[in-house]
Amino acid sequence: MPRFGDRLNSLLSVRVRPALGSAVGLSMVVVTVVTFGLVHDSSARVIEALVMVVPVVAAAVLGGQRAAVFVAVVGTLAFSLIIPPFGSPRVELTQDVVALVVFLAVALAVGSVVARRVEALGHLEEQRELLMRSVSHDFRTPLAVISAATSDLMQSPHYDDATRAKLQSIVLDETDRLDRLVANLLDLSRLRSGQLEPHRQAVDVGELVDHVTQRLRRVLVGVDLRVELEPGLPALQADFTQMDQVLTNLLENAVRHSSPTGVVGLTVVTTSSSVRFSVTDEGPGVDPDEAEVIFQPFRSGALPGSSGVGLAICRGIVQAHGGTIRVTGRDGPGAEFVVDLPYR
């Protein structure tokens, strides 16, 4: 027998449909009115009100907040038929009106709360599925490469020094890639829990850029990386490690989506109130409709080979520093990611 959690997940995996929720809610209202029409003489008004809320909850679960509001209003009109004299919408101007107003307020509140909760659970389930898909995709490739290279080294001890060095370099590259993936997932967890707070210090921009490019030297092998730093850049009050991760993710993203002969650029200049980092590539670019989507966790848009975790981390870190990050098109092919960090 399937567990309750599995049935709930199955329910939440179905897209909320307002028409379905409204139809089910209205059907339940009709059944409730007919039922109380048979037993209304022996039923308490408070019980009738509580039972009439059930269709609103059903509409909220199946159809969302709009369906819940619609059924709540119809349910209030139907409730007026239940109030004596039964079958007539005529009500007294005292307690009956108060009862209807209270019922409508309660029904709307319950429906809204249930609808928001169901939406949150559905979003959580979607994020869980995206996480599992992302992890299985991103981890499988480097693990397969490491396994293959290690097996070759163990089974073929007579490789020449150049071949052995190449295989060892492959293992190191893929190990570093796994390390960056794990770091991004951990930071995403801290970001969602509100624990990704920057530990600010004076950061020399030139030192930061040099540190990042040196650490990514194996990733940048064969890449035409062009770095341009404006002279006299001011120091940033920032978290060195977190900004290192922002530039690392942006550069790795640019390399991943550039052609083998493309150019990756890193430019740092000052504006009137910020230090601006620009990372450019000559890849397929980003559709304007996906300019916001790619910064959402596990949403890489149409970009192949990307889980979307890195860009989500970049936005979280930049916003924690009081800055902004955006992606724009270029005159030629490719995309440009622009980060503005205040320095005043």
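The rules we used
- Residues numbered from 1 in each chain as written.
- Predicted model: local features only at pLDDT ≥ 70, side-chain atom pairs only at ≥ 80, totals over all residues.
- Heavy atoms only, no water.
- Core = buried A, V, L, I, M, F, W, Y, C linked by side-chain atoms within 4.5 Å.
- Buried < 20%, exposed > 50% of the residue type's maximum accessible area, 1.4 Å probe, protein only.
- Helix = DSSP H or I, 4+ residues; strand = E, 2+ residues; numbered from the N terminus.
- Contact = heavy atoms within 4.5 Å.
- Expected span 1.5 Å × (residues − 1).
- Polar contact = N/O pair within 3.5 Å; in protein donor to acceptor, adjacent residues only side chain to side chain.
- Pairing = 2+ DSSP bridges.
- Axes fitted to C-alpha atoms, helices over the stretch in contact; angles between N-to-C directions.
- Phe/Tyr/Trp six-rings, centres within 6.5 Å; stacked < 30°, edge-to-face > 60°.
- pLDDT = per-residue confidence, 0-100.
- Left-handed = near helix turned anticlockwise from the far one by under 90°.

**Student:** Which residues make up the nonpolar core, and what values do they have?
**Tutor:** Soluble, globular proteins show a tendency: their nonpolar side chains are buried together. Membership of the largest hydrophobic core comes to 41 residues, with the highest contact counts inside it found for Leu236, Leu250, Phe277, Val327 and Phe337. Elements represented by at least two residues in this core include exactly α6 (205-215), β3 (236-238), α7 (240-257), β4 (263-270), β5 (274-280), α8 (309-320), β6 (324-329) and β7 (335-342). Ignoring sequence-local partners within four residues, the contact set of phenylalanine 277 consists of Val205, Leu236, Leu247, Thr267, Val268, Phe337, Val338, Val339 and Leu341. Among the nonpolar cores identified, the runner-up in size contains 19 residues, and Val29, Ala59, Ala72 and Ala78 belong to it.

**Student:** Explain α8 residue by residue, including any values.
**Tutor:** For α8, built from 12 residues, the straight-helix expectation of 16 Å at 1.5 Å per residue is met to within 8% by its first-to-last C-alpha distance of 17 Å. Of all 12 residues in α8, 10 are buried, a share of seventy percent or more. Buried within α8 are the following residues: Val309, Gly310, Leu311, Ala312, Ile313, Cys314, Arg315, Gly316, Ile317 and Val318. Where α8 ends, the next residue or the one after it, glycine 322, has phi of about 80°, a positive value.

**Student:** Kindly report on α7, identifying the contributing residues and their values.
**Tutor:** The terminal C-alpha atoms of α7 lie 26 Å apart, and with 18 residues this matches the ideal 26 Å at 1.5 Å per residue to within 8%. Burial analysis of α7 places 16 of its 18 residues in the buried class, which makes it a mostly covered element. By the N-cap criterion, in which a side-chain oxygen at the helix start approaches the backbone nitrogen of a residue two or three places on, α7 is capped by aspartate 239, the distance to threonine 241 being 3.1 Å.

**Student:** Please give an account of the side chain of aspartate 244 that cites residues and values.
**Tutor:** Relative to the helices and strands, aspartate 244 is located in helix α7. Residue class for aspartate 244 comes out buried when judged on its relative accessible area of 6%. A distance of 2.3 Å separates the side chain of aspartate 244 from the side chain of arginine 215, its partner in a polar contact. Ignoring any residue separated from it by four or fewer positions in sequence, one finds aspartate 244 in contact with Leu208, His211, Val212 and Arg215.

**Student:** Can you lay out the environment of threonine 280 for me, pointing to particular residues and giving the numbers?
**Tutor:** You can see threonine 280 is positioned in strand β5. Taking relative accessible area as the criterion, threonine 280 reaches 16% and is therefore assigned buried.

**Student:** Can you tell me about the sheet that holds β5, naming the residues and giving the values?
**Tutor:** Strand order across the open sheet formed by 5 strands is β2-β4-β5-β7-β6, with mixed pairing between neighbours. Across the chains shown, the open sheet's two edge strands, defined by having one partner strand only, are β2 (224-229) and β6. On average, adjacent strands in this sheet sit at an angle of 15° to one another, irrespective of strand direction. Here α6 sits on the sheet in contact with β2, β4 and β5, set at roughly 170° to β2.

**Student:** Can you tell me about the packing of aromatic side chains, naming the residues and giving the values?
**Tutor:** Enumeration according to the criterion identifies 1 aromatic pair in this entry. Where phenylalanine 295 meets phenylalanine 337, the ring centres are 6.2 Å apart and the plane angle is 75°; that geometry is what we call edge-to-face. Here phenylalanine 295 is found in the loop between β5 and α8, whereas its partner phenylalanine 337 is found in strand β7, with 42 residues between them in sequence. Accessibility expressed as a relative area gives 4% for phenylalanine 295, which makes it buried.

**Student:** Run through the environment of valine 255, naming residues and quoting values.
**Tutor:** Note on placement: valine 255 falls in helix α7. Those residues in contact with valine 255 that sit more than four places away from it in its chain are Val219, Leu220, Val223 and Val264.

**Student:** I'd like to hear about the confidence of the model for the protein chain, residue by residue, with values.
**Tutor:** On average, the protein chain scores 76 in pLDDT, and the residues at 70 or more come to 75%. The lowest-confidence element of the protein chain is helix α1 (residues 4-12), averaging 47 in pLDDT; the highest-confidence one is β5, averaging 94. Ignoring residues within four places in sequence, the model shows residues 1-15, a span with pLDDT below 50, making 7 contacts including any to other chains. Below pLDDT 50 for its whole length, residues 301-306 participates in 16 contacts with residues either more than four positions away or in separate chains.

**Student:** Lay out the packing of α7 against α8 in plain terms, naming residues and giving numbers.
**Tutor:** Between α7 and α8, the shortest axis-to-axis distance is 9 Å and the interhelical angle comes to 145°. The handedness of the crossing between α7 and α8 is left-handed. In this structure, α7 contributes Gln242, Met243, Gln245, Val246, Asn249 and Leu250 to the contact, and α8 contributes Gly310, Leu311, Ile313, Cys314, Ile317 and Val318.

**Student:** I'd love a proper account of the side chain of arginine 315, names of residues and values included.
**Tutor:** As for its placement among the helices and strands, arginine 315 is situated in helix α8. Owing to a relative accessible area of 17%, arginine 315 belongs among the buried residues under this scheme. With sequence-adjacent residues up to four places away left out, arginine 315 is seen in contact with Glu292, Phe295 and Ile325.

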